[in-house]
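Chain residues, written in single-letter form:
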Amino acid sequence: MTEEEIEIIAQWIRKGSDFKLKVADLPPSDTLSQLAGKIFTAAEMAEYDFDEADPDVIEKLNTSNRVVMTEALGSPALSVNFFNSNLFQADQLKELSKVKKQVVTLDLAKMPIKDEDIKLINEFENLRRLNLSFTSITGATLPELSKLKFLKTLSLSGTKVNSDHLKQLQSFPQLKT
């Protein structure tokens, strides 16, 4: 954890460790509000316009190489992380169809993802953060990601994506990073 994250937790504990405490409800002069404001943007703290996924469905989607979990207590947003590339198959993305509306973060770093798998990724309509670092993505199908109207962060380190491919990302409406 960073020093800032540790300090945020310390301030939260000083305030009574209330899981229902919302940074957005704190006055701007509050120390916790100021610290969190440096890390979280107002858009990230916004309410999502979709319902929570069934907890039983989420539990069944967790496997030996995939973790599906809520982004924060009380949030309907889900984060999906894949690991152990030897076990990965693109069909595992299809298995997430029951929660595709709730997935806002998808981490596929170091997985054997190929350009043709972008079509599967496009199914996650509320995706905000996508990590494709150290995958086999070439950049040829990056324009297809423009269908993800909420995509804010895209990680492409260690791929074959070149500067011409990156220029295509300038037209993405929400992409910031």
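See above for the structure.
A brief structural summary. All of these numbers come straight from a predicted model, not from anything done at the bench. (Residues numbered from 1 in each chain as written. Predicted model: local features only at pLDDT ≥ 70, side-chain atom pairs only at ≥ 80, totals over all residues. Heavy atoms only, no water.)

Positionally, Ser133 belongs in the loop between β4 (129-131) and β5 (153-155). For Ser133, a relative accessible area of 7% puts it in the buried group. Aside from chain neighbours lying at most four places away, what touches Ser133 is Ala109, Lys110, Ser155, Leu156, Ser157 and Thr159. (Helix = DSSP H or I, 4+ residues; strand = E, 2+ residues; numbered from the N terminus. Buried < 20%, exposed > 50% of the residue type's maximum accessible area, 1.4 Å probe, protein only. Contact = heavy atoms within 4.5 Å.)

Looking now at the nonpolar core. Counting 34 residues, the largest nonpolar core has Leu93, Leu106, Leu108, Ile121, Leu130, Leu132 and Leu145 as the members making the most contacts within it. Listing elements by their share of this core, those giving two or more residues are α4 (55-61), β2 (78-82), β3 (103-107) and α6 (118-121). The residues touching Leu106, leaving out its near neighbours within four places in the chain, are Val80, Phe82, Leu93, Ile121, Phe124, Leu127, Arg129, Leu130 and Asn131. (Core = buried A, V, L, I, M, F, W, Y, C linked by side-chain atoms within 4.5 Å.)

Take the pairing of β3 next. Summarising burial for β3: four of the five residues are buried, a large majority. Looking at chain direction, β2 and β3 are connected through four bridges and run parallel. Directly across from Asn81, in β3, lies its bridge partner Asp107. Across three bridges, the pairing between β3 and β4 is parallel. Note that in β4 the partner of Thr105 across the bridge is Arg129. (Pairing = 2+ DSSP bridges.)

For any pair of aromatic rings, the description consists of the separation of the ring centres together with the inter-plane angle of the planes. This structure, assessed with the given rule, holds three aromatic pairs. Measuring from ring centre to ring centre gives 5.2 Å for Phe82 and Phe88, while their planes differ by 85 degrees; the resulting arrangement is edge-to-face. The residues Phe82 and Phe88 share a single accessibility class, namely buried. Here Arg128 stacks its cationic end above the ring of Phe150, 4.4 Å away from the centre of that ring. (Phe/Tyr/Trp six-rings, centres within 6.5 Å; stacked < 30°, edge-to-face > 60°. Lys NZ or Arg CZ within 6 Å of the ring centre and 35° of its normal.)

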